[in-house]
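# Tertiary structure, described
Residue strings, one per chain:
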Amino acid sequence: MANASRQAAWEFWGTELKRRRKDAGLTQEALGGMVFVSGCYIGQFEQAIRKPQLDVAIRIDGVLQTDGFFERMWRRLIGASPFESYFAAVAELEALATKICEFESLLIPGLLQTPGYAREVMVSASPLISEEELDEKVSARLERAQIFKGPAKPQYWAIIHEAALRVPVGGAAQMAEQLDHLVALVRSRRVMLQVIPYAQGAHAAMSHSMKLMEFADTPPTAYTEGLFWGQLLDDPAMVKRATATYDLLRAAALSPKASLSLIESAAESYRSS
């Protein structure tokens with residue numbers, strides 16, 4: 001499904017939500033309270049600004065007694081996305097964010113990956129993937145990075161562990177290219193990047209990944225991911241805890257200047273190997 005038609009379908013989803021909510025005599029705030037989100041979120045769903053998570057769609061069906069309509073349509077729309085179902089809503093939110101803070105312990109973050117690095121990561125996870133599907137997934141990942149080029153590009157701050165620099169994904173030449181890409185992004189002032197060195201030892205998010213997103217008119221969210229699952233959090237208390245964890249990671253990391261030197265050194269090591 002093309003992006004334009006998918007967006008139109010989400011707009012229809014939102015229009016139907018608004019119509020059926022009003023038929024039930026509920027305000028946005030009332031429905032939000034019944035499905036455990038804010039009334040503001042219900043308004044954003046109705047305007048197709050934000051996409052709901054599956055559990056919210058299911059709860060909406062239950063409250064409005066719509067016999068699974070919103071769940072079925074959600075599954076159809078997410079199924080048409082090139083992203084995993086648990087990540088599709090996150091990809092949509094990245095394009096709306098005014099600020100993104102990200103941490104990865106073992107990988108270069110997806111928004112910063114080169115095509116070759118992305119392909120190697122995907123093939124390693126799915127050795128039997130078809131070339132057509134692989135091309136689609138790589139293109140979708142690279143398309144996400146277009147947020148850095150638009151006039152409304154978000155502030156972006158990434159923290160990675162040194163392990164992400166040292167694992168030779170795709171070989172030495174591929175890694176040198178990937179690290180050179182990081183250096184170019186930092187020097188162009190598109191991103192802020194810090195590295196937690198091996199010497200730091202334990203840190204606040206061992207083996208976990210994290211993404212914090214802030215928006216102009218809506219509350220912030222946090223996203224964390226594991227193997228075959230991801231969780232988007234909008235509960236203020238949980239987002240506050242995630243933000244505190246990210247602050248601890250910043251404190252454990254090298255300065256941006258020292259981090260850049262380490263990345264450049266690692267790239268040079270790959271080139272000379």
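As the structure is a computational prediction, the values presented were derived from the model and not from experiment.

With four of five residues buried, strand E3 (residues 192–196) lies mostly within the body of the structure. Bridging between strand E2 (residues 155–161) and E3 involves five bridges; their strand directions are parallel. If you follow Trp-157 over to E3, its bridge partner there is Met-192.

On to the side chain of Gln-194, then. One can find Gln-194 in strand E3. A polar atom in the side chain of Gln-194 sits 3.0 Å from the side chain of Trp-157. The residues contacting Gln-194, other than those within four sequence positions of it, are Trp-157, Ala-158, Ile-159, Ile-160, Arg-250, Ala-253, Leu-254, Ser-255, Pro-256 and Ser-259.

Attention now goes to helix H7 (residues 115–125). Turning to H7, its buried residues number three or more, namely Tyr-117, Ala-118, Val-121 and Met-122. Taken around the axis of H7, the buried residues stretch over an arc of 125 degrees, which confines them to a single face.

Now for the sheet that holds E3. In space, the six strands of this open sheet follow the order E3-E2-E1-E4-E5-E6, with mixed pairing throughout. The open sheet has two edge strands with one neighbour each: E3 and strand E6 (229–233). Sheet twist, expressed as the average angle between the axes of neighbouring strands with direction ignored, equals 10 degrees. In this sheet, E2 lies alongside strand E1 (residues 99–104) in parallel orientation, the contact comprising six bridges. Its bridge partner lying in E2, Cys-101 is registered against Trp-157.

How each quantity is defined
- Residues numbered from 1 in each chain as written.
- Predicted model: local features only at pLDDT ≥ 70, side-chain atom pairs only at ≥ 80, totals over all residues.
- Heavy atoms only, no water.
- Buried < 20%, exposed > 50% of the residue type's maximum accessible area, 1.4 Å probe, protein only.
- Helix = DSSP H or I, 4+ residues; strand = E, 2+ residues; numbered from the N terminus.
- Pairing = 2+ DSSP bridges.
- Polar contact = N/O pair within 3.5 Å; in protein donor to acceptor, adjacent residues only side chain to side chain.
- Contact = heavy atoms within 4.5 Å.
- Arc of directions from axis to C-beta.
- Axes fitted to C-alpha atoms, helices over the stretch in contact; angles between N-to-C directions.

Function-wise, these values are silent; they only describe arrangement.
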